[in-house]
Amino acid sequence: MQPILETSEPAPQAPAPKAQPEGAGGESSDSLLKQIAAKAESSVPPKYQNGFHRIVAAGKKAMFSEKTFPEMQRYMNAIQGPGQVPQYVAHGVIKLLTLIFNQSKGTMPLEPVGLAATMFMVDALEYLEQVKKMPIDKAVIDQTTMAVKDGVLAWLKKASGISDQDWAKVMAGKGGQAAPNQPPAASPQTQDPMGAVPQGGA
């Protein structure tokens with residue numbers, strides 16, 4: 001398995017004292033998020049298109065179901081400021097992937113998970129900006145992208161059930177197919193799909 005994580009590395013920049021609603025060059029965060037989602041979708045290789053769309057559809061169904069949507073709202077409403085966004089969104093994306101993986105009984109394809117996670121990240125950031133009116137600027141988007149990418153890589157390693165040595169080969173582009181082993185967390189029947197609220201500063 002070669003995980004597909006087409007999330008561009010954010011350009012180094014000084015931390016902004018306060019998040020602004022516009023990105024670099026005056027570009028709105030809404031426009032930036034749409035570009036990120038479009039790039040992720042267009043980056044899916046043809047052989048993984050079906051799996052990608054299955055994961056995204058399952059994720060949206062889980063997020064907006066009568067059972068889980070109130071939990072998602074409570075989770076997102078716990079975010080008090082832009083400084084908490086990267087940690088909370090990354091944590092929520094990983095919990096959502098775990099829920100989908102468990103519901104699929106381990107049959108969810110792992111290769112397009114990174115790109116699907118990017119779509120979930122965009123949904124979360126749009127929700128925060130449009131519903132909670134939280135300022136989401138390019139710095140917040142870049143930091144959240146990196147947090148989600150790191151979380152997805154750790155999740156994929158655990159979900160694939162392969163050794164550290166084999167995982168290093170996969171990341172170097174030298175590995176073969178990694179078969180899913182055990183889901184990285186408890187089953188959705190016994191676990192809050194959004195998980196515990198992460199601890200950390202604003």
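For the structure, see preceding data.
Report follows, based on the coordinates.

Cut-offs applied
Residues numbered from 1 in each chain as written. Predicted model: local features only at pLDDT ≥ 70, side-chain atom pairs only at ≥ 80, totals over all residues. Heavy atoms only, no water. Helix = DSSP H or I, 4+ residues; strand = E, 2+ residues; numbered from the N terminus. Buried < 20%, exposed > 50% of the residue type's maximum accessible area, 1.4 Å probe, protein only. Contact = heavy atoms within 4.5 Å. Phe/Tyr/Trp six-rings, centres within 6.5 Å; stacked < 30°, edge-to-face > 60°.

## Overview of the overall build of the chain
When helices and strands are counted, the chain shows 7 helices and 0 strands. Counted from the first residue to the last, the chain has its helices and strands arranged as α-α-α-α-α-α-α. The buried share among the 202 residues of the chain stands at 48%. Across the chain, the fraction of contacts at a sequence separation of at least 24, relative to all contacts at a separation of at least 6, is 80%.

## Regarding the environment of Gly 106
Relative to the helices and strands, Gly 106 resides in the loop between helix H4 (85-103) and helix H5 (113-130). For the pair Gly 106 and Ala 159, spaced 53 residues apart in sequence, the C-alpha separation works out to 8.6 Å.

## Concerning the packing of aromatic side chains
Given two aromatic rings, one states the distance between the centres and the angle between the planes to describe the pair. Applying the stated rule across the entire model yields 3 aromatic pairs. Considering the side-chain rings of Tyr 75 and Tyr 88, the 5.6 Å spacing of their centres and the 50° angle between planes classify their relative orientation as tilted. One end of the pair, Tyr 75, is in helix H3 (residues 69-77); the other, Tyr 88, is in helix H4, and 13 residues separate them in sequence. Residues Tyr 75 and Tyr 88 agree in their burial class; the two are buried. Ring geometry for Phe 101 and Trp 155: centres 5.5 Å apart, planes at 90°, overall edge-to-face. Of this pair, Phe 101 sits in helix H4 while Trp 155 is found in helix H6 (residues 138-160), placing the two residues 54 residues apart along the sequence.

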